[in-house]
Amino acid sequence: MTISFEGRVAIVTGAGGGLGRAYALELARRGAKVVVNDLGGSRDGTGHSDAALAVVAEIEAAGGTAMSDGGSVTDFGHMQAMVEKAKAAWGGVHILINNAGILRDKSFAKMEIGDFRTVVDVHLIGSANCTKAVWEIMKAQAYGRIVVTTSSTGLYGNFGQTNYGAAKLSLVGFMNSLKLEGARDNIKVNAICPVAATRMTEALMPPAILEMLKPEFVSPAVAYLASDDAPTGVILTAAAGVYAAAQLVETDGVNLGHGATADDIAAHFGEICDWTTAKHYGQGGEQNAKFLARVQEKPVLG
Ligand code: NAI
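Residues numbered from 1 in each chain as written. Predicted model: local features only at pLDDT ≥ 70, side-chain atom pairs only at ≥ 80, totals over all residues. Heavy atoms only, no water.

### Notes on the overall build of the protein chain
Phase 1: Counting its secondary structure elements, the protein chain contains eleven helices and eight strands.
Phase 2: The C-alpha atoms of the protein chain give 21 Å as radius of gyration, which agrees with the globular expectation for 302 residues (19 Å, within 12%).
Phase 3: Seen along its three principal axes, the alpha-carbon backbone of the protein chain occupies a region of about 75 × 45 × 35 Å.
Phase 4: Burial status across the protein chain gives 43% buried among its 302 residues.
Phase 5: One way to put it: in the protein chain the 25 positive side-chain charges average out to a point 3 Å from where the 30 negative ones average out. (Helix = DSSP H or I, 4+ residues; strand = E, 2+ residues; numbered from the N terminus. Rg over C-alpha atoms; globule rule 2.2 N^0.38 Å. Buried < 20%, exposed > 50% of the residue type's maximum accessible area, 1.4 Å probe, protein only. Lys, Arg positive; Asp, Glu negative; His and termini not counted. Charge placed at Lys NZ, Arg CZ, Asp CG, Glu CD.)

Right, dumping it as structure tokens:
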């Protein structure tokens, strides 16, 4: 076992079940002291239970160290208190896995705006709350590993999940800027894009497929993103033992010139969408530099 979390303190949100539980067990197995956070609500985020306590017991039974936290990631004050408690007990916080999540699926036509807001609140604001609560500690330590959780719905879409998809891709935007702000202090920020059989997905797939999608098959990807040698700004997708990377890319484009009209864009749309020229940019300024470089060239029109 080469990757070790000995001496590291990790917080995993939403770790009372599903993927978060698997992540917490894996980090603890490799030596991390783990805060198991979970509100213990139902799939839509309502209700409350002691789900986190059972996972703490599992970690302790396996010889690991853990503490439970039953607060909601949407409660910034509580997340600050949770972080302070971990720091006071164990001396720091080195790893944050922003995993807590809920679903309120409906076609956009039928969706209440309140259900849109609640989903964004748990996934996006919840991740921002927890990250804000650990940020100064990680900066002062000059060490931090933060993982946010995106999804195929965020990256590519899924009918009935406009709220969830918007919330999940927003975390990639969060990561893209945070990786720049953390770079100087050795804080690495990455995104996991899992597929796993949990209560979130159990109704969607037949049992034989669910058997191939154990949450334990995603944990190695999260452990890697939480490790000393983690990359930064990467979207790692993981399911069933298959691991891949996803990226936002942009084509090189076409310089149509200042007089270009909507009709000219229609006429050149194929070239504009020439994906063989596509690149990923490490930050927004690199896209701006592309525009300024392309504008030096002779325009295609007039
Ligand atoms: P899950 O429902 O089993 O686990 C989510 C956990 O988050 C639950 O234990 C729940 O109590 C907890 N939680 C919900 N709201 C909370 C809050 N406000 N504060 C603290 N804890 C809260 O679902 P699963 O599948 O394990 O999902 C984990 C993460 O992975 C979520 O962010 C989900 O969106 C994401 N994801 C899951 C996929 C899958 O195939 N299962 C696919 C893509 C993303």
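### Some thoughts on the side chain of Asn 190
Phase 1: Residue position: Asn 190 is located in strand E6 (residues 187–194).
Phase 2: According to the relative accessible area criterion, Asn 190 is buried, its value standing at 0%.
Phase 3: A polar contact of 2.9 Å, which involves the side chain of Asn 190, links it to the backbone nitrogen of Val 234. (Polar contact = N/O pair within 3.5 Å; in protein donor to acceptor, adjacent residues only side chain to side chain.)

### Concerning the domain arrangement of the protein chain
Phase 1: The domain boundaries assigned to the protein chain delineate domain 1 (9–246) and domain 2 (249–302).
Phase 2: Using only C-alpha atoms to locate each centre, domain 1 and domain 2 end up separated by 37 Å. (Domains from an automatic or database assignment.)

### Quick notes on the site of the ligand
Phase 1: Around the ligand, the surrounding shell holds 30 residues, and the nearest of these are Leu 19, Asp 38, Asn 99, Tyr 164 and Thr 198.
Phase 2: Tyr 164 is positioned such that a nitrogen or oxygen atom in its side chain is 2.6 Å from an oxygen atom of the ligand.
Phase 3: Its free accessible area being 820 Å², the ligand has 95% of it covered by the protein chains.
Phase 4: Elements with a minimum of two residues in the shell around the ligand: helix H1 (18–29), helix H4 (113–141) and helix H6 (162–182).
Phase 5: A per-class count over the shell around the ligand returns eleven nonpolar, 16 polar and three charged. (Near = heavy atom within 4 Å. Areas by Shrake-Rupley, 256 points an atom, 1.4 Å probe, with all protein chains shown as cover. Nonpolar A, V, L, I, M, F, W, Y, C, P; charged D, E, K, R; others polar.)

### Re the environment of Pro 215
Phase 1: Tracing the sequence through the fold places Pro 215 in the loop between helix H7 (207–212) and helix H8 (219–225).
Phase 2: It is 15 Å that separates the C-alpha atoms of Pro 215 and Thr 150, two residues lying 65 residues apart in sequence.
Phase 3: Dropping the residues within four chain positions of it, Pro 215 is found in contact with Gly 18, Leu 19, Ala 22, Ala 196, Ala 197 and Thr 198. (Contact = heavy atoms within 4.5 Å.)

### Quick look at the nonpolar core
Phase 1: Ranked by size, the top nonpolar core spans 36 residues in total, and within it Ile 11, Val 83 and Ile 146 carry the most contacts.
Phase 2: Looking at this core, the elements that each hand over two or more residues are strand E1 (9–12), helix H3 (76–90), H4, strand E5 (144–149), H6 and E6.
Phase 3: When residues in this core are grouped by element, the largest group, eight residues, is from H4.
Phase 4: Apart from the residues lying within four places of it in its own chain, the contact partners of Ile 146 are Leu 96, Asn 98, Thr 131, Trp 135, Met 138, Leu 178, Ile 187, Lys 188, Val 189 and Asn 190.
Phase 5: By size, the runner-up hydrophobic cluster in this structure holds 30 residues, among which are Ala 10, Ala 32, Leu 225 and Ala 238. (Core = buried A, V, L, I, M, F, W, Y, C linked by side-chain atoms within 4.5 Å.)

### What about the pairing of E6?
Phase 1: With seven of eight residues buried, E6 lies mostly within the body of the structure.
Phase 2: Bridge analysis of E5 against E6 gives six bridges, and the strand direction is parallel. Following the sheet pairing, Val 148 is matched in E6 by Ala 191.
Phase 3: For E6 and strand E7 (residues 235–239), the ladder comprises four bridges, and the chain directions are parallel. Each bridged residue has a counterpart across the sheet, and for Ala 191 the counterpart in E7 is Ile 235. (Pairing = 2+ DSSP bridges.)

### Observations regarding the packing of aromatic side chains
Two descriptors summarise a pair of aromatic rings, namely the distance from one centre to the other and the angle between the planes of the rings.
Phase 1: A full pass over the atoms with the stated rule returns one aromatic pair.
Phase 2: Residues Phe 108 and Phe 116 carry aromatic rings whose centres are separated by 6.3 Å and whose planes lie at 80 degrees to one another, so their mutual orientation is edge-to-face.
Phase 3: Among the residues examined, Phe 108 registers a relative accessible area of 52% and is labelled exposed.
Phase 4: Above the face of the Phe 291 ring, Lys 290 is positioned so that its terminal group lies 5.5 Å from the ring centre. (Phe/Tyr/Trp six-rings, centres within 6.5 Å; stacked < 30°, edge-to-face > 60°. Lys NZ or Arg CZ within 6 Å of the ring centre and 35° of its normal.)

### Considering the sheet that holds E7
Phase 1: Taken in spatial order, the eight strands make up an open sheet running E3-E2-E1-E4-E5-E6-E7-E8, and their pairing is mixed. For this open sheet the edge positions go to strand E3 (65–69) and strand E8 (242–246), each flanked by a neighbour on one side alone. For this sheet the average axis-to-axis angle between neighbouring strands, irrespective of direction, equals 20 degrees.
Phase 2: Set on the sheet, helix H2 (residues 51–61) makes contact with strand E2 (33–37) and E3; between it and E3 the angle comes to about 175 degrees. (Axes fitted to C-alpha atoms, helices over the stretch in contact; angles between N-to-C directions.)

### Structural notes on the packing of H4 against H6
Phase 1: At their nearest, the axes of H4 and H6 sit 8 Å apart, and the two run at 20 degrees to each other. Accordingly, the angle class assigned to the pair H4 and H6 is roughly parallel. Every pair of crossing elements has a handedness; the one defined by H4 and H6 is right-handed. Residues Asp 115, Phe 116, Val 119, Val 120, His 123, Leu 124, Ser 127, Ala 128, Thr 131 and Trp 135 of H4 lie in contact with H6, whose contacting residues are Thr 162, Asn 163, Tyr 164, Ala 166, Ala 167, Lys 168, Ser 170, Leu 171, Phe 174, Leu 178, Glu 181 and Gly 182.
Phase 2: Of the residues assigned to the contact of H4 with H6, the class counts are twelve nonpolar, seven polar and three charged. (Parallel < 35°, antiparallel > 145°, perpendicular 65-115°, else oblique. Left-handed = near helix turned anticlockwise from the far one by under 90°.)

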